[in-house]
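Structure at a glance
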Amino acid sequence: MSTAALIAVLLSLVSAVAYAAAAVAQERLASRNSGAGLVRLLGSSAWWAAVGLNAGAALLHVVALKYGPLTLVQPLGALTLVAAVPMGARVAGRRVSATEWRGTALTLLGLGALLITASGPAPHRVLSLTEALTVAGTTAALIGALSRPGTRPGLRHATASGFASGVASALTQTVTVAATDRSGPVLSVQVIVVALLVASFAVGGLLLSQMAYRGGLGGPLAVVTLSNPVAAAVIGLTLLGQGLQGGAAGILLALAGAGLASWGVVLLTRVTPPTPLVELEPDEEHPVAAVLALESARVAAEQALLPRQKPETGHLTAH
């Protein structure tokens, strides 16, 4: 593995941890405010903290894309789910289950295989303005179709979020490489237009993920984790010429690694954490206790209405 690829891997690891922390924070916020609109979220400090974590993770991701190809950096995004599992369990006050550990191990093994085959040189080719606009238009149409009302809105919004984030990463790599290329101007028309597209897809992906997490963290986060590298890998392989190392053997190893990582992610999504007991507020009475209290009061009232009887002494009197 080259030095540039190693830097990209390390930056991706830190970025995945930050993304995981942001996802856990978003899920908790969504579960507490399931019916809240965008205006209410904008007034929440917790939501802005999650946005800050996402921004920091995105910045690290941008730098990683400078040193590593999309086919290397994007699959490492699956580590977000791996990191989110213990974080979510910690926040929920429970232990990580055996199934979650197996899913984590399979995901790591699969990613290890992908690292071997995808650790190519630093990227040098970028999308042209026409290619970037075509990718953006196609992705926007897919997001619009997935965002229409229907069944399973959480998973559809998660898929749309993954596509938006994956395309944003591909366009970000184009902006980063083009802006740092000393042969042309830093702020060319291509860089400005693509940067605006990156901002649009990044914000859209964030809002779509917030909507997806209303149904829980596991399933939607897994769908985001899988759809994100798929979208980016398609662009990297078809438009940017970012192939895999090792020829036919490398392709087989990459497919095996992708299969292992996908199965690990599926295992992580099948885990249903136990529902925590609801803690009552000091001034909040449990409904069962309220019913019992009413029943006790009714019995006491009925007994008060009955005539009092003289207590028997228990002694016999002689006649």
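Source: prediction; values computed, not measured. (Residues numbered from 1 in each chain as written. Predicted model: local features only at pLDDT ≥ 70, side-chain atom pairs only at ≥ 80, totals over all residues. Heavy atoms only, no water.)

1. Description of the overall build of the chain
Across its full length, the chain carries 12 helices and zero strands. When its helices and strands are written in sequence order, the chain yields α-α-α-α-α-α-α-α-α-α-α-α. Counting the 319 residues in the chain, one finds 40% classified as buried. Contacts in the chain between residues far apart in sequence, at least 24 positions, make up 84% of those at least 6 positions apart. (Helix = DSSP H or I, 4+ residues; strand = E, 2+ residues; numbered from the N terminus. Buried < 20%, exposed > 50% of the residue type's maximum accessible area, 1.4 Å probe, protein only. Contact = heavy atoms within 4.5 Å.)

2. A look at helix α8 (residues 153-179)
Since the α-helix turns once every 3.6 residues, residues separated by three or four places project in the same direction. Taking 1.5 Å per residue as the helical rise, α8 with its 27 residues ought to reach 39 Å, and the 38 Å between its terminal C-alpha atoms agrees with that figure. Among the 27 residues that make up α8, 22 are buried, leaving the element largely enclosed by the rest of the structure. (Expected span 1.5 Å × (residues − 1).)

3. A closer look at the confidence of the model for the chain
Mean pLDDT over the chain: 74, with 73% of residues reaching 70 or higher. Confidence scores differ between elements of the chain, with helix α12 (residues 287-305) showing the lowest mean pLDDT of 44 and helix α7 (residues 129-146) the highest of 92. Contacts for the low-pLDDT stretch residues 275-299, under 50 throughout, to residues beyond four places or in other chains number three contacts. (pLDDT = per-residue confidence, 0-100.)

4. Considering helix α3 (residues 45-67)
Spanning 23 residues, α3 covers 34 Å between terminal C-alpha atoms, matching the ideal 33 Å at 1.5 Å per step. For α3, every residue scored as buried is listed here: W47, A50, V51, N54, A57, H61, A64 and L65.

5. A word on the side chain of S209
Examined against the element boundaries, S209 turns out to sit in helix α9 (residues 189-212). When its relative accessible area of 7% is taken as the criterion, S209 is described as buried. A polar atom in the side chain of S209 sits 2.7 Å from the backbone oxygen of L206. Excluding its chain neighbours within four sequence positions, the residues that come into contact with S209 are Q26 and S161. (Polar contact = N/O pair within 3.5 Å; in protein donor to acceptor, adjacent residues only side chain to side chain.)

6. Here's the deal with a nonpolar patch on the surface
On the surface, L6, L10, L13 and V14 cluster together into a nonpolar patch covering about 340 Å² of accessible area. Considering the arrangement of structural elements, one finds L10 in helix α1 (residues 3-32). (Patch = residues over 30% accessible without salt bridge, like charges linked within 9 Å, V, L, I, M, F, W, Y side chains within 5 Å. Areas by Shrake-Rupley, 256 points an atom, 1.4 Å probe, with all protein chains shown as cover. Salt bridge = Lys/Arg side-chain N within 4 Å of Asp/Glu carboxyl O.)

7. Focus on the packing of α8 against α9
The N-to-C vectors of α8 and α9 enclose an angle of 155°; their axes lie 8 Å apart at closest approach. Between α8 and α9, the angle falls in the class roughly antiparallel. Crossing of α8 over α9 shows left-handed handedness. Its residues assigned to classes, the contact of α8 with α9 shows 19 nonpolar, nine polar and no charged. (Axes fitted to C-alpha atoms, helices over the stretch in contact; angles between N-to-C directions. Parallel < 35°, antiparallel > 145°, perpendicular 65-115°, else oblique. Left-handed = near helix turned anticlockwise from the far one by under 90°. Nonpolar A, V, L, I, M, F, W, Y, C, P; charged D, E, K, R; others polar.)

8. What to know about the nonpolar core
By size, the foremost hydrophobic cluster in this structure holds 41 residues, and its most contacted members are L171 and F201. No other element matches α8, which puts eight residues into this core. In this structure F201 touches A136, T139, A140, I143, A164, V167, A168 and L171, once residues within four positions along its chain are discounted. Grouped together as the second largest cluster of nonpolar side chains are 12 residues, V24, V85, Y213 and A222 included. (Core = buried A, V, L, I, M, F, W, Y, C linked by side-chain atoms within 4.5 Å.)

9. Observations regarding the packing of α7 against α9
Here α7 crosses α9 at 20°, and the two axes come no closer than 10 Å. By the criterion of interaxial angle, the relationship of α7 to α9 is roughly parallel. In the packing of α7 onto α9, the handedness of the crossing is left-handed. Along its contact with α7, which presents L129, A132, L133, A136, T139, A140 and I143, the element α9 presents Q190, V193, V194, L197, F201 and L208.

10. Structural notes on the side chain of T80
The topology assignment puts T80 in helix α5 (residues 79-92). Looking at T80, the relative accessible area reads 8%, which means it is buried.

11. Focus on the environment of A164
By the element assignment, A164 lies in helix α8. Taking the C-alpha atoms as reference, A164 lies 8.9 Å from L208; in sequence the two are 44 residues apart. Setting aside residues no more than four positions away along its own chain, A164 makes contact with I143, F201 and G205.

12. Remarks on the environment of T225
By secondary structure assignment, the location of T225 is in helix α10 (residues 218-238). With 149 residues separating them along the chain, T225 and L76 place their C-alpha atoms 9.3 Å apart. The contact partners of T225, leaving out residues within four places of it in the chain, are G77, A78 and L81.

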